[in-house]
Amino acid sequence: MATTYVGFYRPASPELIFDAVRKTGAPTPELQKKIFGFPRSLPATCKLIGSWQISGGEDPGVMVVEAESFADLQYIDQYYNGWLRFDWHPTLTGGVARS
């Protein structure tokens, strides 16, 4: 049975990410590759529900996933290792029924 998790994330190295955005208006090419490749890289036991971040703020970004085990969350942590740090929290309900 899958559990819905909310992950709050912040840059592991704010200077690396924010300097590129200030200079070019976009994250580094390496981070862009990670971001765009992420949904296809997920294990079959993990589904990305959504992810967003408020531009220019100090607030963390948010990622919502349905995961069957902690191994799925560890996969995400490792995938973004060196770029983002996550703080995962399980939800009380499974959310909206999906068919």
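The coordinates are above.
Every value quoted in this text rests on a predicted model; they were computed, and no experiment measured them.

(A) Broad picture of the sheet that holds strand 4 (residues 84–90). Read from one edge of the open sheet, four strands run 2-3-1-4, paired in antiparallel fashion. Edge positions in the sheet fall to strand 2 (46–52) and strand 4, since each has one partner strand and no second. This sheet shows a mean twist of 25° between the axes of neighbouring strands, independent of strand direction. Two strands pair when backbone bridges link them, and strand 2 and strand 3 (residues 61–67) are joined in this way by six bridges, in the antiparallel orientation. Bridge pairing links Trp-52 to Val-62 in strand 3.

(B) Main features of the side chain of Asp-72. By secondary structure assignment, the location of Asp-72 is in helix 3 (residues 70–79). Lys-47 provides the closest opposite charge to the buried, unpaired Asp-72, separated from it by 11 Å. If near-sequence neighbours (up to four positions away) are discounted, Asp-72 is found in contact with Pro-43, Thr-45, Cys-46 and Ala-67.

(C) The arrangement of the environment of Ala-20 in detail. As for its position among the elements, Ala-20 is in helix 1 (residues 14–24). Sequence separation of Ala-20 and Met-63 is 43 residues, and the distance between their C-alpha atoms is 22 Å. For Ala-20, the residues in contact, after removing those within four places along its chain, are Gly-25, Ala-26, Pro-27 and Thr-28.

(D) Inspection of the layout of surface pockets at higher detail. If you add up the space inside the largest pocket, you get close to 770 Å³. Around the largest pocket, the lining comprises 28 residues; the ones closest to its centre are Tyr-9, Ile-17, Phe-18, Gln-53 and Ile-54. Counting residues per element, the ones that place at least two in the lining of the largest pocket are strand 1 (3–11), helix 1, helix 2 (29–41), strand 2 and strand 3. Considering every element that reaches the lining of the largest pocket, the biggest residue donor is helix 1, with five residues. In terms of residue class, the lining of the largest pocket is built from 18 nonpolar, six polar and four charged.

(E) View of the pairing of strand 3. Counting buried residues along strand 3, seven of its seven residues qualify, which places the element largely inside the surrounding structure. Residues of strand 3 alternate between two faces, with Gly-61, Met-63, Val-65 and Ala-67 on one and Val-62, Val-64 and Glu-66 on the opposite face, all of them buried. Taken together, the seven bridges between strand 1 and strand 3 define a ladder with antiparallel strand orientation. Each bridged residue has a counterpart across the sheet, and for Thr-4 the counterpart in strand 3 is Glu-66.

(F) Expanded view of helix 2. Taking 1.5 Å of rise per residue, 13 residues should cover 18 Å, and helix 2 covers 18 Å from first to last C-alpha, within 8% of that figure. Where helix 2 bends most, at Ile-35, the angle is about 25°, and the proline Pro-39 comes one to four residues later. Buried residues in helix 2 make contact with helix 1, strand 2, strand 3 and helix 3.

What counts, and where the lines are drawn
Residues numbered from 1 in each chain as written. Predicted model: local features only at pLDDT ≥ 70, side-chain atom pairs only at ≥ 80, totals over all residues. Heavy atoms only, no water. Pairing = 2+ DSSP bridges. Helix = DSSP H or I, 4+ residues; strand = E, 2+ residues; numbered from the N terminus. Axes fitted to C-alpha atoms, helices over the stretch in contact; angles between N-to-C directions. Buried < 20%, exposed > 50% of the residue type's maximum accessible area, 1.4 Å probe, protein only. Lys, Arg positive; Asp, Glu negative; His and termini not counted. Salt bridge = Lys/Arg side-chain N within 4 Å of Asp/Glu carboxyl O. Contact = heavy atoms within 4.5 Å. 1 Å grid on protein atoms, 1.4 Å probe; cavity = no way out; pocket = protein on both sides within 12 Å on 5 of 7 lines; lining within 4 Å. Points joined across faces, edges and corners; volume = space filled by probe spheres on them. Nonpolar A, V, L, I, M, F, W, Y, C, P; charged D, E, K, R; others polar. Expected span 1.5 Å × (residues − 1). Bend = angle between axes of the 7 residues up to and from the residue.

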